[in-house]
Amino acid sequence: ILTAKQQDYDQVLGLELGADDYVIKPVEPPVLLARIKALLRRCNTAAIKETRNTLVFGKLCINESSRSVSIDSIDIDISTNEFDMLWLLANHAGTILSRDYLYQELYGRPYDGLDRTIDVRTSHLRKKLGDTSNPPKSIKTIWGKGYIFIADYWISESDQ
């Protein structure tokens with residue numbers, strides 16, 4: 001909100017009604033521009049919008065209700081198990097998830113230390129999501145720790 005109203009009540013009401021910021025006029029153009037850039041930076045670095053069971057990371061859209069995945073509005077064909085893993089990783093974007101945790105969440109039982117299903121599924125997901133880089137950049141392997149979903153991978157330079 002950009003306004004001349006200076007009362008604390010007006011500021012509180014504006015923010016409680018959903019405004020992301022409250023700027024009182026007069027304001028110097030460089031200050032206003034800096035505040036706008038900060039707001040856009042918060043949107044981009046968070047890189048995630050959650051709306052009705054949909055996660056959006058730049059070009060990547062994951063919809064839990066329809067169990068669909070798209071990149072640049074192009075549908076990606078993934079299996080039910082791959083979707084479950086992608087949804088789990090994306091919901092914890094930026095956090096390392098151990099193989100034990102992933103196995104427990106996806107299968108409902110402890111990891112036995114031998115099963116390579118999580119590794120194979122991660123590899124398939126990367127390929128289907130178009131990450132052919134070596135090492136992978138969309139879902140990174142953190143050796144000895146687990147996997148981490150990189151939200152910023154999906155944001156193009158023009159989006160920032």
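Refer to the structure presented above.
Below is a summary of the structure that appears in this document. In this text, all values refer to a predicted model and were calculated from it rather than measured experimentally. (Residues numbered from 1 in each chain as written. Predicted model: local features only at pLDDT ≥ 70, side-chain atom pairs only at ≥ 80, totals over all residues. Heavy atoms only, no water.)

Quick notes on the overall build of the protein chain
The number of helices and strands found in the protein chain is 5 helices and 9 strands. Here the protein chain, with 160 residues, has 29% of them falling under the buried criterion. Relative to all contacts within the protein chain whose residues are 6 or more apart in sequence, the contacts with residues 24 or more apart total 38%. (Helix = DSSP H or I, 4+ residues; strand = E, 2+ residues; numbered from the N terminus. Buried < 20%, exposed > 50% of the residue type's maximum accessible area, 1.4 Å probe, protein only. Contact = heavy atoms within 4.5 Å.)

Observations regarding the side chain of Arg-126
With respect to the element layout, Arg-126 can be found in helix H5 (residues 117-128). Buried Arg-126, no salt bridge; nearest opposite-charge side chain is Asp-131, N-O distance 5.3 Å. At 2.8 Å, the side chain of Arg-126 forms a polar contact with the side chain of Thr-141. (Lys, Arg positive; Asp, Glu negative; His and termini not counted. Salt bridge = Lys/Arg side-chain N within 4 Å of Asp/Glu carboxyl O. Polar contact = N/O pair within 3.5 Å; in protein donor to acceptor, adjacent residues only side chain to side chain.)

Notes on the nonpolar core
By size, the foremost hydrophobic cluster in this structure holds 27 residues, and its most contacted members are Phe-57, Leu-60, Ile-62, Val-69 and Phe-149. Mapped by element, the contributors of at least two residues to this core are strand E4 (54-57), strand E5 (60-63), strand E6 (68-71), helix H3 (80-91), helix H4 (99-107), H5 and strand E9 (146-149). In terms of residue count, the dominant contributor to this core is H3 (7 residues). Here Ile-62 is in contact with Asn-53, Thr-54, Leu-55, Phe-57, Ser-68, Val-69, Phe-83, Leu-86, Trp-87 and Ala-90, once residues within four sequence places are set aside. (Core = buried A, V, L, I, M, F, W, Y, C linked by side-chain atoms within 4.5 Å.)

Section: the packing of aromatic side chains
A complete count under the given rule lists 6 aromatic pairs for this structure. Note on Phe-83 and Trp-87: the rings are 6.1 Å apart at their centroids and 15 degrees apart in plane angle, and the pair reads as stacked. Here Phe-83 pairs with Trp-87, and both are found in helix H3, just 4 residues apart, close to one helical turn. Across the pair, Trp-87 and Phe-83 agree in class, each one buried. (Phe/Tyr/Trp six-rings, centres within 6.5 Å; stacked < 30°, edge-to-face > 60°.)

Side note on H5
Over its 12 residues, H5 extends 16 Å from the first C-alpha to the last, a length consistent with the 16 Å expected when each residue adds 1.5 Å. Here H5 has its buried residues at Ile-118, Asp-119, Arg-121, Thr-122, Leu-125 and Arg-126. Down the axis of H5, the buried side of the element spans an arc of 165 degrees, and every buried residue falls inside it. Remark: Gly-130 follows H5 within two positions and exhibits a positive phi of approximately 85 degrees. (Expected span 1.5 Å × (residues − 1). Arc of directions from axis to C-beta.)

Topic: the environment of His-92
Assignment of secondary structure puts His-92 in the loop between H3 and H4. Separated by 56 residues in sequence, His-92 and Ile-148 place their C-alpha atoms 8.1 Å apart. Separated by 2.9 Å, the side chain of His-92 and the backbone oxygen of Leu-88 make a polar contact.

Some words on the pattern of salt bridges
The tally for this structure, following the rule as stated, stands at 5 salt bridges. Where Lys-128 meets Glu-82, a salt bridge forms, and the shortest distance between an N and an O atom there is 2.8 Å. Of this pair, Lys-128 sits in helix H5 while Glu-82 is found in helix H3, placing the two residues 46 residues apart along the sequence. Relative accessible area serves as the criterion here: at 36%, Lys-128 is assigned to the partly exposed category. Connected via shared salt-bridge partners are Arg-99, Arg-116 and Asp-119.

Some remarks on H3
Counted at 1.5 Å a residue, the expected span for H3 with its 12 residues is 16 Å, and the 16 Å between its end C-alpha atoms agrees. Within the sequence span of H3, burial applies to Glu-82, Phe-83, Met-85, Leu-86, Trp-87, Leu-88, Leu-89 and Ala-90.

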